[in-house]
Number of protein chains: 2
Amino acid sequence: MKPFVPERISLASGAGGRAMRNLVESIFLNGVTSPPGAVGADAMDDGAAIPLGNQWLVMTTDSYVVKPLFFPGGDIGRLAICGTVNDLAMMGATNVLGLTCGIIIEEGFARSDLERIQASLQAACAEAGVHVVTGDTKVMARGELDGVVLNTAGVALCERVVRDCTLQPGDRLVVTGTVGDHGMAIAALRADVGIEGDLRSDVAPLRSLIAAVLNAVGEGVTAMKDPTRGGVASALFEMAQKSGVSLLLDGPAVPIRHPVRATAELLGIEPLHVANEGKALIGVRPEALETVLAVLRAHPLGRDAAVIGVVTSGRPGEIVLDTGMGKRLLHEPEGEPLPRIC
Amino acid sequence: MKPFVPERISLASGAGGRAMRNLVESIFLNGVTSPPGAVGADAMDDGAAIPLGNQWLVMTTDSYVVKPLFFPGGDIGRLAICGTVNDLAMMGATNVLGLTCGIIIEEGFARSDLERIQASLQAACAEAGVHVVTGDTKVMARGELDGVVLNTAGVALCERVVRDCTLQPGDRLVVTGTVGDHGMAIAALRADVGIEGDLRSDVAPLRSLIAAVLNAVGEGVTAMKDPTRGGVASALFEMAQKSGVSLLLDGPAVPIRHPVRATAELLGIEPLHVANEGKALIGVRPEALETVLAVLRAHPLGRDAAVIGVVTSGRPGEIVLDTGMGKRLLHEPEGEPLPRIC
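The following paragraphs examine the structure supplied in this document. (Residues numbered from 1 in each chain as written. Chains lettered and ligands numbered in written order. Predicted model: local features only at pLDDT ≥ 70, side-chain atom pairs only at ≥ 80, totals over all residues. Heavy atoms only, no water.)

## Here we look at the relation of the copies chain B and chain A
The test is simple: C-alpha atoms of residues with pLDDT of at least 70 in both copies form the basis for the least-squares superposition of the copies. Contacts between residues were defined by any pair of non-hydrogen atoms, one from each residue, lying within 4.5 Å.
Overlay of chain B on chain A (RMSD 0.0 Å): rotation 180 degrees, translation along the axis 0.0 Å. With respect to symmetry, the two chain copies, as superposed, fit the operation of a two-fold axis. Taking C-alpha positions as reference, the residue of chain B nearest the rotation axis is B:L145, located at 2.2 Å. Both copies present the same face, since 99% of the interface residues in chain B are matched by interface residues at the equivalent positions in chain A.

## So, the sheet that holds strand β8 (residues 172-175) of chain A
Residue and element names in this part refer to chain A. How we decide: Being paired, for any two strands, means DSSP has found at least two bridges between them. For helices the rule is a DSSP run of H or I covering at least 4 residues; for strands it is a run of E covering at least 2, with both sets numbered from the N terminus onward. Here an angle of 0 to 180 degrees is reported between the N-to-C directions of two axes, which are lines fitted to C-alpha atoms, with helices fitted over the stretch in contact.
Here 7 strands make up an open sheet; going across it, the order is β9-β11-β8-β12-β10-β13-β14 and the pairing mixed. In this open sheet, the two edge strands, each paired with only one partner strand, are β9 (221-225) and β14 (327-329). For this sheet, the mean inter-axis angle between neighbouring strands, taken without regard to orientation, is 25 degrees. Pairing between strand β10 (residues 246-250) and strand β13 (residues 319-322): 4 bridges, direction parallel. For L248, the partnering residue across the bridge sits in β13 and is V320. Along the sheet face, helix α5 (residues 207-217) touches β9 and β11 (281-284) and points at about 165 degrees away from the line of β9. Packing of helix α6 (residues 231-243) onto the sheet brings it into contact with β8, β9, β10, β11 and β13, and relative to β9 it is tilted by some 135 degrees.

## Some details on the interface of chain B and chain A
Just so we agree on the cut-off: Throughout, buried area stands for the accessible area (probe radius 1.4 Å) lost by two parts on being put together, summed over both. We define a salt bridge as a contact between a side-chain nitrogen of Lys or Arg and a carboxyl oxygen of Asp or Glu at a distance within 4 Å. Pairs of N or O atoms within 3.5 Å make up the polar contacts considered here, provided that, within protein, one atom can donate a hydrogen while the other can accept it, and that residues adjacent in sequence are counted only when both atoms are side-chain atoms. When residues are sorted by character, Ala, Val, Leu, Ile, Met, Phe, Trp, Tyr, Cys and Pro go into the nonpolar class, Asp, Glu, Lys and Arg into the charged class, and all the rest, Gly among them, into the polar class.
Contacts between the two partners involve 76 residues from chain B and, on the opposite side, 75 residues from chain A. Buried surface at the junction of chain B and chain A, both sides included, amounts to about 6300 Å², of which 65% is carbon and sulfur. A salt bridge links A:D62 to B:K138; the nearest nitrogen and oxygen atoms lie 3.5 Å apart. The interface formed by chain B and chain A holds 28 residue pairs in polar contact (both at pLDDT 80 or more) in total. Within the residue set of the side of chain B that touches chain A, elements represented by two or more residues are α1 (18-28), β1 (48-52), β2 (55-64), β5 (95-106), α3 (111-128), β6 (132-140) and β7 (148-158) of chain B. Each residue belonging to the side of chain B that touches chain A can be placed in one class, and the counts come to 38 nonpolar, 23 polar and 15 charged.

## A closer look at the sheet that holds strand β5 (residues 95-106) of chain A
Residues and elements named next belong to chain A. Taking strand neighbours across the sheet as the criterion, the 5 strands line up as β1-β2-β7-β5-β6 in an open arrangement whose pairing is mixed. If you trace the sheet from one side to the other, it starts and ends with β1 (48-52) and β6 (132-140), each paired once. Between one strand axis and the next, the sheet turns by 15 degrees as a mean value, whatever way the strands run. Of the strand pairs in this sheet, strand β2 (residues 55-64) and strand β7 (residues 148-158) are connected by 9 bridges, and their pairing is antiparallel. Bridging across to β7, L57 finds its partner in L157. Sheet contacts for helix α3 (residues 111-128): β5, β6 and β7; angle to β7, the most-contacted strand, approximately 15 degrees.

## Brief notes about the state of the cysteines
Covalent bonding between the sulfur atoms of two cysteines is what defines a disulfide. Residues and elements named next belong to chain A. Using the following cut-off: Note on terminology: disulfide denotes any pair of cysteine sulfur atoms within 2.5 Å.
Applying the stated rule across the entire model yields 0 disulfides over all chains. Free cysteine: C165, not disulfide-bonded; nearest cysteine sulfur from C158 at 14 Å. This cysteine, C342, is not joined by any disulfide, and C82 carries the nearest cysteine sulfur, 12 Å off.

Here it is in structure tokens:
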């Protein structure tokens, strides 16, 4: 049966959850063929890997429509670099050859804001150790676009592709740091709640963090995914479903900063459902767990790394949440509750 | 002196001419560094080439904001594939590894139109012999975006990079076919002039055409550029300026279809100033000219190929137009006269 897509595209179609998956599967992947030997191209992975000599060439792309353009902890420029660097890293591709960057600007947009975005984008490139090698500039008339949108694509090499569909029963689930920071910072800013000063996006390039982990344990990492749109919950559901496994999630073990939790309660938004922009979910073989945690915690971006669950061989795609006071089935979220989060 | 950029971005900043070059040079290339050995990254070429083993990896990107989305001869989907395939081909990179495609959709956009765009995009991939290997979907709220915009990036390999800044005095200037078709088809559609039925965009993938030429004459091709935004005139000025040469353009030799010329006169738009989406300008060494023309004319996309000028060693960046009734200096156009042409 063809997945349901409404006659008119809704915001949910871009929210990273089931509605988006339906749209992509029924329209964008419809009839798509892959190059010989390619991996991930037809499977909604974070990117695709193409065999090249005795290596893999990994390609990925993302558009950025975040609103507002500037927020505590980052802006659309930093987001565009980190998002693409992280998607490459999630596939194990940390040898980055180059990024492309396309910008579409609304007529009347301030030059000073463009300069600020460009400076931030360049700083993020320097931090990640990558280069934007080519770009494109378009302008749309006033009222045809709300401000600025960016697109980045990235190309990197690796010897082994890590996927998000290869969790195995017994694997430990590791998150590289606190959860919900980006989404809750944007939500607080939009809702103009007083606590916002304590909230900062976690947007950061995970290239060196992931490279360190993969160098240390190699195939001890079985799967990776960055919990962006739709948050940790959506990412875990996707990993579980694609891997054909179930997960036992240890609720109290999920690291959440106090202001994130407080804002979440105030706004009625679940921190597990909102976007992170500097975190990874990693499936780790039990024998590699200690090393992975040590490597992560020795890195500035992995200090709060935690084991948040285990892969089980129950009903495929099912996630059981242990709240600390009992167990219950987790429901798959529709997707990101906040439009234009990234 | 830093090139002038107005405090508020104007439509001209995206028109492919001097205003856009100023914006890109003063903001987007400001402080940009390139990977070691890379070519074109800091020079506003159609893409960048990175050394990879004994080959070059060429990367390029373009966003597409054409209005209307569907037009005689094509649509935004076909445009997005051909535009990126052609930018790769212009750098000599016809061994395409894969394309990425990001789509941003306005809430409320019709599913049936998305399906139509996707079908066209897939058909163009099949025609060009390339694959979209990974994508991204975003949705913006109603009124935040006018319909749909696309971004494609492309990656290809080649053994020799062709650039647009390497014309040499004595080279012949070849255009692969008729001029002004895309721009005039869109202009006629927007102006709703009666002649429009005879006008069709030339949007087409030049991969096999360019591969045939390069296979036949190799370094007999000295430079290439596709005359998109700003048309043949802007592209020739850019090639001449970057190469430090002057050009003598043979006006009557420029192939222009009758309905294009008629519409141009009706609308007061110069056919040399509007976008082409299936044409290339090629600098050819005199001894390779005959072969290049034979190869082009044997290909369905090169039947109307013509020699339209010669590279001279006059004042760098100067273009002299021989109208057939006398010679005059050509003025560099500001850029594409039609917003959202591609």
